[in-house]
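Residue-level listing of the chains:
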Amino acid sequence: MNRKWITALCIALLSVTVLSACSKQDTNSSGTTGGTGEGTGAVKLNAFINQTPNLASLDNPFTKQVEEKANVKFNFIVGQPNDNNDKRNVLLASGDYPELFLSGNFTTAEQMKYGKMGVFLPLNELIDQYAPGIKQVFDERPDLKKAVTAPDGNIYAMPEVNECYHCWYAQKVWINQKWLDELGLEMPTTTAEFANVLSAFKTKDPNKNGKADEIPLSGAMNTWHGDITGFLMNAFIYNTGDNQPFSYIRVKDGQVQLSASQPEWREGLRYMNQLYKEGLIDIQAFTQNQEGLQQLGNNPGDAILGAFAIGHVNMAVSGGDPRNKDYTTLPPLKGPEGVQLSAFYKSVGNHGRFVLTNKASEEQQIAAIKLLDYLWTEEGTRGQEFGVEGHMWSKADAGQLNVNGEPAEYQVDPAYLEETVHTDGWDQAGPGFRPRERFESQAVSQDVFSTEGYELRLVQETNKYQGYEPNPSEFFPIDIFISSEDSEQAAQLKATIEDYVKSSMLQFIAGDKDIDKGWDDYVAGFDGLKLGEYLRIIQSAYDADQNKPK
């Protein structure tokens with residue numbers, strides 16, 4: 001069954017079947033379907049969960065531990081994480097959906113849509129009454145509660161919170177420190193200095209092989225932060241880069257703007273066009289994928305890659321390649337007008353993992369929310385990743401340190417990193433809570449170039465970007481709720497506007513469009529794409545988000 005047919009089926013059936021399912025809510029809530037109906041013993045829960053290819057089976061020790069801790073018995077409906085949510089969508093469209101989604105991955109727009117239809121149950125009162133752990137988290141972290149609360153005041157879904165520090169500043173450029181040292185160059189701090197370094201990489205044979213084979217700067221498209229324009233543009237105007245929830249969007253004086261239509265954007269294009277004309281940007285950076293970049297980074301023989309954009313270095317240069325150690329991060333560059341920014345991606349990851357539907361009886365609702373409370377504990381969250389204690393993780397030994405040089409709380413068996421298929425845990429498929437202090441409590445080698453010390457290396461490199469993120473008042477929230485009435489139109493407008501920005505950007509950089517002569521026509525082109533309507537929609541969402549109770 002092809003994906004387009006599935007999508008069409010979902011749209012055609014949803015209004016009939018879901019509403020039909022809603023009409024059955026009273027019967028289900030009476031306890032006559034689902035659950036034990038006896039008030040004793042384990043509560044039966046039909047639960048949708050994704051199983052990745054990296055997990056051998058969900059019938060494993062961690063699942064049994066969860067069932068015992070939460071007093072539930074699962075009947076798993078298993079989906080695949082790479083099916084574009086097809087199975088999930090078919091379940092909803094058919095009306096034959098389960099009481100619980102553990103891997104729902106529902107967008108904020110979907111949460112509001114199904115919440116208003118009565119398919120998704122509000123979780124607020126259940127959390128207050130039966131989830132003391134989560135309630136305490138909300139008391140200590142009101143920002144999290146605000147992020148998961150829809151504009152109507154209801155919480156329809158709970159996420160996997162994964163506060164990965166180096167992911168917050170994932171828009172990085174890595175530069176060959178060995179080449180800088182070989183040429184007697186300092187780390188560049190401005191756009192002008194960076195251009196000079198790239199020119200030296202191109203012309204002064206830093207790999208000392210007598211060939212003009214050096215590639216000064218490259219990247220990769222459709223790759224986690226492989227877009228070189230994201231990093232470079234932040235020396236002129238704030239730019240989150242491509243493939244983001246709200247690419248090219250910023251806030252100024254409370255007004256949502258498209259960075260790509262502002263005069264500062266033109267100056268950034270002018271800078272990149274100059275680099276391109278001088279042969280300092282790899283032409284393949286705008287067409288190749290991660291594999292193409294890896295071929296440059298892992299080039300047999302001499303190193304040929306001077307600098308590249310990517311989320312972390314091992315994505316471009318193999319961790320087992322000795323040349324991997326030669327690369328370090330380039331801190332944010334200062335532009336000619338003093339702009340020096342780092343893109344910032346901190347969020348709660350608000351794609352709703354955990355959702356309770358109107359198929360759940362009262363007994364099942366209570367059991368499910370207690371289950372969620374356990375999954376958000378340190379044991380429950382860690383177990384989803386590594387399995388039960390003693391399998392692939394254990395408490396840290398005395399003297400073991402975490403990425404901050406502090407005593408670690410737990411250690412992971414090195415064999416886990418070597419496994420291609422895990423035999424325990426859920427491979428992080430469910431809702432969990434890993435605030436930064438939990439994320440960074442793992443024991444790591446203090447040798448940043450060892451396999452076990454790689455996370456420490458990423459933290460140290462990321463420290464160079466902290467403090468250059470935009471002012472909070474200029475940051476457009478990633479986990480924002482778009483109204484269900486506007487969500488479809490917003491998605492369509494977003495896609496066409498971002499495609500126009502990317503294609504035009506490449507034409508300006510490559511010189512196919514003249515930056516001065518073609519700029520006004522480029523800006524005028526947004527009118528035909530209804531940029532004003534798109535900004536109106538997300539401005540309304542931004543205002544609603546700012547007005548949520550603190």
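In this numbering scheme, every chain counts its residues from 1 along its sequence in written order. Confidence filtering applies because this is a predicted model: local features only for residues at pLDDT of at least 70, side-chain atom pairs given and counted only at 80 or more, and all residues used for totals across whole chains, interfaces and linings. Water and hydrogen atoms were dropped before computing side-chain values, which therefore reflect all heavy atoms in the structure.

Some words on the overall build of the protein
Item 1. When helices and strands are tallied, the protein shows 22 helices and 14 strands.
Item 2. It is over C-alpha atoms that the radius of gyration is taken, and the globule rule equals 2.2 Å times the number of residues to the power 0.38. Its C-alpha atoms give the protein a radius of gyration of 25 Å, near enough to 24 Å, the size a compact globule of 550 residues would have.
Item 3. With respect to the principal axes defined by its C-alpha atoms, the protein has extents near 80 × 60 × 45 Å.
Item 4. Counting all 550 residues of the protein, 55% fall into the buried class.
Item 5. Considering only contacts within the protein whose residues lie at least 6 apart along the sequence, 77% involve residues at least 24 apart.
Item 6. Here the open area of atoms and residues is found with the Shrake-Rupley method and a 1.4 Å probe, where only the protein chains shown may cover a residue. Accessible surface computed for the protein: about 23,600 Å², of which carbon and sulfur atoms make up 49%.
Item 7. In this tally, Lys and Arg are treated as positive and Asp and Glu as negative; His is ignored, and so are the chain termini. By convention, the point assigned to a charge is CZ for Arg, NZ for Lys, CD for Glu and CG for Asp. Once the 48 positive and 75 negative side-chain charges of the protein are each reduced to a mean point, those two points are 3 Å apart. Helix and strand definitions here come from DSSP, where helices need a minimum of 4 consecutive H or I residues and strands a minimum of 2 consecutive E residues; each element is numbered from the N-terminal end. Throughout, exposure labels follow a simple rule: accessible area from a 1.4 Å probe, protein chains only, divided by the maximum for the residue type, with under 20% read as buried, over 50% as exposed, and the rest as partly exposed. Residues are treated as being in contact if the distance between any of their heavy atoms lies within 4.5 Å.

Considerations on the sheet that holds strand S6 (residues 215-218)
Item 1. Pairing between strands is defined by DSSP: at least two bridges between the two strands are required. Reading across from one edge, S6-S9-S5-S10 is the order of the 4 strands in this open sheet, with mixed pairing throughout. Two strands bound the open sheet, and with one partner strand each, they are S6 and strand S10 (327-330). Pairs of neighbouring strands in the sheet enclose a mean axial angle of 20°, with direction left out of account.
Item 2. Pairing geometry for strand S5 (residues 173-176) and strand S9 (residues 305-309), over 3 bridges, is antiparallel. If you follow Ile175 over to S9, its bridge partner there is Ala307.
Item 3. In this fold helix H14 (residues 290-297) packs onto S6 and S9, with an angle of close to 155° to the strand it touches most, S9. What counts as an axis is a line fitted to C-alpha atoms, over the stretch in contact for a helix, and the angles between N-to-C directions run from 0 to 180 degrees.

Here we look at the side chain of Asn358
Item 1. Along the chain, Asn358 falls in the loop between strand S11 (355-356) and helix H15 (362-375).
Item 2. Polar contact criterion, stated in full: a pair of N or O atoms within 3.5 Å, where within protein one must be able to donate a hydrogen and the other to accept it, and residues adjacent in sequence count only if both atoms are side-chain atoms. Reaching out from Asn358, the side chain makes a polar contact with the side chain of Tyr97 at a distance of 2.8 Å.
Item 3. At 3.3 Å, the side chain of Asn358 forms a polar contact with the backbone oxygen of Gly118.

Some remarks on unusual backbone geometry
Item 1. Its identity as a non-glycine residue notwithstanding, Tyr248 has a phi of 65°, on the positive side.
Item 2. Positive phi, close to 60°, is recorded for Lys530, a residue that is not glycine.
Item 3. Note that Lys530 resides in the loop between helix H21 (515-528) and helix H22 (531-546).

Focus: the side chain of Glu498
Item 1. Relative to the elements of secondary structure, Glu498 occurs in helix H20 (residues 484-510).
Item 2. One polar contact links the side chain of Glu498 to the main-chain amide nitrogen of Ser247, over a distance of 3.3 Å.
Item 3. Residue contacts for Glu498: discarding those within four places in its chain leaves Gln244, Phe246, Ser247 and Tyr248.

Details of the packing of helix H13 (residues 263-277) against H20
Item 1. It is the contact of H13 with H20, at a shortest axis distance of 7 Å, that shows an interaxial angle of 50°. Between H13 and H20, the crossing angle belongs to the class labelled oblique. Residues Trp265, Leu269, Met272, Asn273 and Tyr276 of H13 touch H20, and the partners they reach there are Val501, Met505, Phe508, Ile509 and Ala510.
Item 2. Following the grouping adopted for this structure description, the nonpolar residues are Ala, Val, Leu, Ile, Met, Phe, Trp, Tyr, Cys and Pro, the charged ones are Asp, Glu, Lys and Arg, and the polar ones are all others, Gly among them. Counted by class, the contact of H13 with H20 contains 9 nonpolar, 1 polar and no charged residues. Relative orientations are named as follows: roughly parallel for angles under 35 degrees, roughly antiparallel for angles over 145 degrees, roughly perpendicular for angles from 65 to 115 degrees, and oblique for any other angle.

What about the packing of aromatic side chains?
Item 1. Here a pair means two rings of Phe, Tyr or Trp (six-membered ring of Trp) with centres within 6.5 Å. Their orientation is stacked below 30 degrees between planes, edge-to-face above 60, and tilted elsewhere. Evaluated as defined, the whole model comprises 30 aromatic pairs.
Item 2. With a centroid separation of 4.7 Å and an interplanar angle of 20°, the aromatic rings of Phe74 and Phe76 are classed as stacked. Note on accessibility: Phe74 and Phe76 belong to one class, buried.
Item 3. By way of ring pairs, the aromatic residues Phe48, Phe101, Phe106, Tyr114 and Phe120 are connected into one cluster.
Item 4. Over the ring of Tyr465 we find Lys172; its NZ or CZ atom is 5.7 Å from the centre of that ring.
Item 5. For Lys513, the ring lying beneath its charged end belongs to Phe508, and the centroid distance is 5.7 Å. Charge over a ring is defined by NZ of Lys or CZ of Arg lying within 6 Å of the ring centre and within 35 degrees of the ring normal.

So, the domain arrangement of the protein
Item 1. The split into domains, and so the bounds of each, comes from an automatic or database assignment of domains. Each domain of the protein was delimited in the assignment, giving domain 1 (43-161 + 349-383) and domain 2 (171-344 + 482-547).
Item 2. For domain 1 and domain 2, the distance between their C-alpha centres works out to 36 Å.
Item 3. In this assembly, 6 residues from domain 1 lie in contact with 7 residues from domain 2.
Item 4. Surface buried jointly by domain 1 and domain 2 totals about 490 Å² across both partners, of which 54% is contributed by carbon and sulfur atoms.
Item 5. Broken down residue by residue, the surface that domain 1 buries against domain 2 is led by Ala109, Met112 and Lys146, which jointly contribute 61%.
Item 6. Every case where a carboxyl oxygen of Asp or Glu lies within 4 Å of a side-chain nitrogen of Lys or Arg is listed as a salt bridge. On inspection of domain 1 and its partner domain 2, the count reaches 1 salt bridge.
Item 7. Run the count over domain 1 and domain 2 and you get 2 residue pairs in polar contact (both at pLDDT 80 or more).
Item 8. Ranked by residue count, the leading element in the side of domain 1 that touches domain 2 is helix H5 (residues 108-117), at 5 residues. The buried area of a pairing is the accessible area, by a 1.4 Å probe, that goes missing from both parts when the two are put together, added over both.

Notes on the pattern of salt bridges
Item 1. One pass over the structure, following the stated rule, counts 22 salt bridges.
Item 2. A salt bridge links Glu110 to Arg88, with the nearest nitrogen and oxygen atoms 2.9 Å apart. With Glu110 in helix H5 and Arg88 in helix H4 (residues 86-94), this residue pair connects regions lying 22 residues apart in the sequence.
Item 3. Between Arg353 and Glu160 there is a salt bridge, with its nearest N and O atoms 3.2 Å apart. Note that Arg353 is positioned in the loop between S10 and S11 and Glu160 in the loop between helix H8 (142-148) and strand S4 (161-162), a separation of 193 residues in sequence. In this structure, Arg353 and Glu160 share a single accessibility class: buried.

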